[in-house]
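Descriptive analysis of the structure
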Amino acid sequence: MARKRLALKDPGRFSDPAGLTWERYVAMQARERERYMAERAAIPQDALNYKTVSPHYLERAVDQFANNYYSELSATHYVATAAANAPFDELKKCALFQLADEQRHLEMDREVFERAGIPERDRLAAWEAPGTTCRFFRHLLELEDTIEILVKGNFVAEGAAGPGTFTVLADGAEARGDVLSAVNHRARIRDETRHISYGRALVKALIDDDPGNLDTIQEWQDESLRLFAEVARGGERRAWWEGFLASYYKIALPLGLRPSF
Ligand SMILES: [Fe+2]
Ligand SMILES: [Fe+2]
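Residues numbered from 1 in each chain as written. Chains lettered and ligands numbered in written order. Predicted model: local features only at pLDDT ≥ 70, side-chain atom pairs only at ≥ 80, totals over all residues. Heavy atoms only, no water.

**Re the packing of aromatic side chains**
With the rule as written, the count across this model stands at 20 aromatic pairs. Geometrically, the ring pair formed by Tyr 25 and Phe 97 is stacked, given 4.4 Å between the ring centres and 5° between the ring planes. One end of the pair, Tyr 25, is in helix 1 (residues 22-41); the other, Phe 97, is in helix 4 (residues 89-115), and 72 residues separate them in sequence. The buried category is assigned to Phe 97, whose relative accessible area is 5%. (Phe/Tyr/Trp six-rings, centres within 6.5 Å; stacked < 30°, edge-to-face > 60°. Helix = DSSP H or I, 4+ residues; strand = E, 2+ residues; numbered from the N terminus. Buried < 20%, exposed > 50% of the residue type's maximum accessible area, 1.4 Å probe, protein only.)

Take a look at the structure:
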């Protein structure tokens, strides 16, 4: 069955909420980089090399590391597809800046794996284990349509996962002595917030363009959240799941979408 496609008849309805130009983007990321390097430089060597966390922490944290790293790795692929197939320039520009952001995030998360001494074979196994967000991201990687990718990836998934989740993750890691993860999570919050806001602007433009688009967006939301629901199964991550849904519904319901469950 062919996938449904949405188009923005009037592309003028969408504009980058961050108002970025290449020049502004580069200047902003240079400042962010400087701040990140300063925070990272302040981490004592032992903490940076995971000598101060408990072995028990590392055993349990592998799943979280995999969820961070592989979702960022996936993002560098699906956002590149979104940029390549973008139907108009303003959307292409947003996707290209996001691609550069996700590449930085990916590198930060790779460093965590390396410094924590997690062997490569354990990384993928942790990602493919039941109860991760792997199913959702593999679905995104199969898509080719820019609008579907950005609605599902930025509006639904990032809208649900950030920025609240990253604050919780940062605080949790720091409390257990994992300062590098904490610094990394805090460094990506502003980028993820920007990805959500242009995803939201795109959804808003689609609905303003044609209120009939809401039905397809609802289907994409339902499909995405069903793929995520697996993570909550077993009850272990109940609190995470509740927060995830709540943060997504906060942006989705005002636009006329309904809860999926
Ligand atoms: Fe990211
Ligand atoms: Fe992102």
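**Thoughts on empty space enclosed by the protein**
Enumeration according to the criterion identifies one cavity of 30 Å³ or more in this entry. For the largest cavity, the calculated volume is near 50 Å³. Lining the largest cavity, in full, are Asp 16, Ala 18, Leu 20, Cys 94, Phe 97, Gln 98, Arg 194, His 195 and Tyr 198. Elements with a minimum of two residues in the lining of the largest cavity: helix 4 and helix 9 (179-209). Classifying every residue of the lining of the largest cavity by side-chain character gives five nonpolar, two polar and two charged. (1 Å grid on protein atoms, 1.4 Å probe; cavity = no way out; pocket = protein on both sides within 12 Å on 5 of 7 lines; lining within 4 Å. Points joined across faces, edges and corners; volume = space filled by probe spheres on them. Nonpolar A, V, L, I, M, F, W, Y, C, P; charged D, E, K, R; others polar.)

**Examining helix 1**
Here helix 1 contains 20 residues, and its C-alpha end-to-end distance of 28 Å stays within 8% of the 28 Å for a straight helix at 1.5 Å per residue. For helix 1, the set of buried residues is Tyr 25, Met 28, Gln 29, Glu 32, Tyr 36 and Arg 40. Angular distribution of buried residues about the axis of helix 1 spans 105°; they occupy a single face of the element. In this structure, helix 1 carries Glu 23, Arg 31, Glu 34 and Ala 41 as exposed residues pointing more than 90 degrees from its buried face. For helix 1, the elements touching its buried residues are helix 4 and helix 9. (Expected span 1.5 Å × (residues − 1). Arc of directions from axis to C-beta. Contact = heavy atoms within 4.5 Å.)

**Brief notes about the layout of surface pockets**
Estimated volume of the largest pocket: approximately 1500 Å³. Along its surface, the largest pocket is lined by 50 residues, and Gln 64, Asn 67, Leu 169, Arg 237 and Trp 240 are the ones closest to its centre. Every element with two or more residues in the lining of the largest pocket is listed here: helix 3 (55-84), helix 7 (146-161), helix 8 (164-175), helix 9, helix 10 (213-232) and helix 11 (238-252). A breakdown of the residues in the lining of the largest pocket according to their chemical character gives 21 nonpolar, 17 polar and twelve charged.

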